[in-house]
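# Residue-level structural notes
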Amino acid sequence: CAADSATCSLTNELTTKTIGSYSVNFTTDGGFDTSVKYPAAGNSNWNLTFNGSINFWAYAVNANVPQFQGPIVVYLKDDLGNAFRYESTGEFMNQALNTWKQFEIPLSGDATWTRTTVGTPNLNNIDYIEIHNDTWGANFTIYFDGVGFAEDRAEGSWGFWGCWAEEATCTISYNFSLFTRGTN
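So, how was this worked out
- Residues numbered from 1 in each chain as written.
- Predicted model: local features only at pLDDT ≥ 70, side-chain atom pairs only at ≥ 80, totals over all residues.
- Heavy atoms only, no water.
- Helix = DSSP H or I, 4+ residues; strand = E, 2+ residues; numbered from the N terminus.
- Buried < 20%, exposed > 50% of the residue type's maximum accessible area, 1.4 Å probe, protein only.
- Contact = heavy atoms within 4.5 Å.
- Areas by Shrake-Rupley, 256 points an atom, 1.4 Å probe, with all protein chains shown as cover.
- Disulfide = S-S within 2.5 Å.
- Phe/Tyr/Trp six-rings, centres within 6.5 Å; stacked < 30°, edge-to-face > 60°.

## Some points on the overall build of the protein
What the protein contains, in helices and strands, is 0 helices and 12 strands. Mapped in sequence order, the helices and strands of the protein form the string β-β-β-β-β-β-β-β-β-β-β-β. Buried positions account for 41% of the 184 residues belonging to the protein. Intrachain contacts of the protein at a sequence separation of at least 6 include 71% that bridge at least 24 residues. Split by element, the accessible area of the protein, about 9600 Å² in all, is 47% carbon and sulfur.

## With respect to the state of the cysteines
Applying the stated criterion across every chain, the model contains 1 disulfide. The disulfide partner of cysteine 1 is cysteine 8, and the gap between their sulfur atoms is 2.2 Å. Every disulfide takes its handedness from the sign of the S-S torsion; for cysteine 1 and cysteine 8 that torsion is 105°, giving right-handed. Classification of cysteine 8 as partly exposed rests on a relative accessible area of 24%.

## A look at the packing of aromatic side chains
Counted under the stated rule, the structure contains 8 aromatic pairs. On the basis of an interplanar angle of 80° and a centroid distance of 5.0 Å, the ring pair of phenylalanine 68 and phenylalanine 140 is categorised as edge-to-face. Taken as a pair, phenylalanine 68 in the loop between β5 (52-61) and β6 (73-77) and phenylalanine 140 in strand β11 (residues 140-151) lie far apart in primary sequence, 72 residues in all. Assessed through its relative accessible area of 3%, phenylalanine 140 is described here as buried.

Right, here's the structure in full:
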């Protein structure tokens, strides 16, 4: 994790979670640009060329008034610093205050998540993800859970999911039903 002129920590969280056995607890005494990064080594080499999305759940605790300021900014970066930058059109982390909120960011961007590039990134070589937030004042916690990528598949097939959990096991389960057009 990183916090501009401040400290931060990442720990496994056993009780405040929504998917699986753990969430990741991000706590900072920072008030400016703060971020979580996965994996820390920045060496995943993900191929994200499918038509899909970045997905995560967040639960925020922030006693500052007002709370979060500015957009959530998510980067998909390679080892050379090239990046896809996704910026929310509003102060969306406030929607996760004291409740679980799911975020879905289309890899191509959309009206809610503006995608820009830094350098010359390529979706077939993404080494890590960063999620950035900012608050008025200082000190806050965000629990992240179910972070991963989902492939948008055609009707009648299931999606591809990837997930991560800091020093923990990440499990994904599927519930789906197949149907054929005109017969169900």
